[in-house]
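# Analysis of the macromolecular model
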Amino acid sequence: MDCTRSLLRWYRKNARTFPWRIEKPDPYVVLVSETMLQQTQTSRVAEALPKFLERFPTIETLAKATNGDVIRQWKGLGYNSRALRLRDAAKAVVADHGGIIPRSLPLLQSLPGVGPYTSAAFLCFAHNKKVVVLDVNVRRVYSRLMKRQRTTADTETDNTLIPFAESFIPARSAAEWHHAVMDLGATICTARSPACTSCPLAQSCPSNSILINVARAKKREPEFRGDPRRLWRGRFIDVLRRCSPRTELKLSVLFKRAAGSPLLDDEQEWYAATLEQLQTDGFIRLMPKGVRLAD
Ligand code: SF4
């Protein structure tokens, strides 16, 4: 049996269920869920998506959202800038495309925050188009299937993977195929300990049972009190998000709530620069006596 048939057969018995995996999904829901799924665990997205859609049921409602509205609804998802870019994309769809999300890669990629992954995922999952969707799980599965990898950290480049991937995608079931590869990567062909003995593709996989587990080198980010700035930015936004709209907090109170201890003198400069940047990015508003979430 070929890989495509084997994997689809496995998927039909083992598919994970998620709120965004439905027959003929609303393209708007696909755009929202695929934006959320970048860099956020599926379980968190499964929890946040229905609440987000309750607040913004259509692309028009999202297009009208203020920064503060959309940041509040992004609770628990992290990487808050995605929320603002998604709202900007909704605005562009309403203003320039009559409220219909475009169906071509170049037009999709002209929308704010929509890059190669989101545009391909959108066409595949909203319209079942035969395009290659590469996320971290999918990249790993194809790399191991494509050639004998030595370690769990090895992957091939996208340029090499795309033609390889194209040869597997069934013309009429591109969405189902990609869900299947994603599920295989998340549950069987995992990053650190692939369960090759349970894998439906084991017979055709050149990396079957030979991968040496190695830790991936972590990217170092500039740190403050042992944590990267990105985490601190999220903490400050979380504290403000918990306040009722337009509530202003003193800067010292915001810091103490986020850090659990007061700001020290030699930390003032870092704190001021971080808040300035959050304001520039559209998340917060610095006021004469304090700070609040952006309007
Ligand atoms: S046989 Fe092992 S390495 Fe190959 S796809 Fe399956 S789980 Fe991944």
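Small disclaimer: the values here were computed from a predicted structure and weren't measured. (Residues numbered from 1 in each chain as written. Predicted model: local features only at pLDDT ≥ 70, side-chain atom pairs only at ≥ 80, totals over all residues. Heavy atoms only, no water.)

## Thoughts on the overall build of the chain
In terms of helices and strands, the chain carries 14 helices and 4 strands. Its C-alpha atoms give the chain principal-axis dimensions of about 70 × 45 × 30 Å. Considering the chain as a whole, with its 295 residues, one finds that 47% of them fall into the buried category. In the chain, of all internal contacts separated by at least 6 residues, the share reaching a separation of at least 24 is 63%. For the chain, the exposed area adds up to about 15,600 Å²; of that, 51% sits on carbon and sulfur atoms. Positive and negative side-chain charges in the chain, numbering 46 and 29 respectively, have mean positions lying 4 Å apart. (Helix = DSSP H or I, 4+ residues; strand = E, 2+ residues; numbered from the N terminus. Buried < 20%, exposed > 50% of the residue type's maximum accessible area, 1.4 Å probe, protein only. Contact = heavy atoms within 4.5 Å. Areas by Shrake-Rupley, 256 points an atom, 1.4 Å probe, with all protein chains shown as cover. Lys, Arg positive; Asp, Glu negative; His and termini not counted. Charge placed at Lys NZ, Arg CZ, Asp CG, Glu CD.)

## Concerning the pairing of strand β4 (residues 290-293)
Across 4 bridges, the pairing between strand β3 (residues 284-287) and β4 is antiparallel. Each residue of the ladder has a partner; that of Arg 285, found in β4, is Arg 292. The hairpin turn running from β3 into β4, its antiparallel successor, is 2 residues long. (Pairing = 2+ DSSP bridges.)

## Examining the site of the ligand
If you check the shell around the ligand, you find Arg 144, Cys 189, Pro 194, Cys 196, Cys 199, Ala 202, Cys 205, Asn 208 and Leu 211 and nothing else. Of the residues in the shell around the ligand, the class split is 7 nonpolar, 1 polar and 1 charged. (Near = heavy atom within 4 Å. Nonpolar A, V, L, I, M, F, W, Y, C, P; charged D, E, K, R; others polar.)

## Overview of the side chain of Arg 140
Note that Arg 140 resides in helix α9 (residues 136-146). Within polar-contact distance, the side chain of Arg 140 engages the backbone oxygen of Gly 185 at 2.6 Å. Not counting residues up to four positions away in its chain, the partners in contact with Arg 140 are Thr 155, Gly 185, Ala 186, Cys 189, Thr 190 and Ala 191. (Polar contact = N/O pair within 3.5 Å; in protein donor to acceptor, adjacent residues only side chain to side chain.)

## Things to note about helix α6 (residues 81-97)
Between the first and last C-alpha of α6 there are 23 Å, a value that for 17 residues agrees with the 24 Å anticipated at 1.5 Å per step. Taken residue by residue, α6 has Arg 82, Ala 83, Leu 84, Leu 86, Arg 87, Asp 88, Ala 89, Ala 90, Ala 92 and Val 93 as its buried positions. Buried-residue contacts for α6 involve α2 (27-37), α3 (42-55), α4 (59-63) and α5 (67-73). A positive backbone phi angle near 60 degrees is found at Gly 98, which sits one or two residues after α6. (Expected span 1.5 Å × (residues − 1).)

## With respect to the side chain of Ser 119
Mapping Ser 119 onto the fold places it in helix α8 (residues 116-127). Of note is the side chain of Ser 119, whose polar atom sits 3.1 Å from the backbone oxygen of Pro 116. Residues within four places of Ser 119 in sequence aside, it is in contact with Leu 105, Leu 108, Gln 109 and Val 114.

## Details of the nonpolar core
Core analysis: the largest hydrophobic core is formed by 92 residues, its most contacted members being Tyr 28, Phe 52, Val 70, Tyr 142, Leu 184, Phe 236 and Leu 254. Top element by residues in this core is α8. It accounts for 8 residues. Not counting residues up to four positions away in its chain, the partners in contact with Leu 254 are Phe 236, Val 239, Leu 240, Leu 249, Tyr 271, Leu 275 and Val 291. (Core = buried A, V, L, I, M, F, W, Y, C linked by side-chain atoms within 4.5 Å.)

## Examining the packing of α9 against helix α10 (residues 158-166)
Between α9 and α10, the least distance of the axes is 10 Å, while the angle of their chain directions is 80 degrees. Considering the angle they form, α9 stands roughly perpendicular to α10. Residues Arg 139, Tyr 142, Ser 143, Leu 145 and Met 146 of α9 touch α10, and the partners they reach there are Asp 158, Thr 160, Leu 161, Phe 164 and Ala 165. (Axes fitted to C-alpha atoms, helices over the stretch in contact; angles between N-to-C directions. Parallel < 35°, antiparallel > 145°, perpendicular 65-115°, else oblique.)

## Topic: the packing of aromatic side chains
Applying the stated criterion across every chain, the model contains 17 aromatic pairs. Where Trp 232 meets Trp 270, the ring centres are 6.1 Å apart and the plane angle is 80 degrees; that geometry is what we call edge-to-face. Highlighted residues: Trp 232 in helix α12 (residues 229-242) and Trp 270 in helix α14 (residues 268-280), separated in sequence by 38 residues. Here Trp 232 falls in the buried class, since its relative accessible area comes to 3%. Taken together through their ring pairs, the aromatic side chains of Phe 224, Trp 232, Phe 236, Phe 255, Trp 270 and Tyr 271 make up a single cluster. (Phe/Tyr/Trp six-rings, centres within 6.5 Å; stacked < 30°, edge-to-face > 60°.)

## A short note on the pattern of salt bridges
Evaluated as defined, the whole model comprises 15 salt bridges. Between Arg 21 and Asp 183 there is a salt bridge, and its shortest N-O distance comes to 2.7 Å. In this pair, Arg 21 is assigned in the loop between α1 (3-14) and α2 and Asp 183 in helix α11 (residues 174-187), connecting sequence segments 162 residues apart. For Arg 21, a relative accessible area of 15% corresponds to the buried category. A relative accessible area of 1% places Asp 183 in the buried class. A network of salt bridges, in which partner residues are shared, links Arg 246, Arg 285, Arg 292 and Asp 295. (Salt bridge = Lys/Arg side-chain N within 4 Å of Asp/Glu carboxyl O.)

On their own, these measurements won't tell you what the molecule is for.
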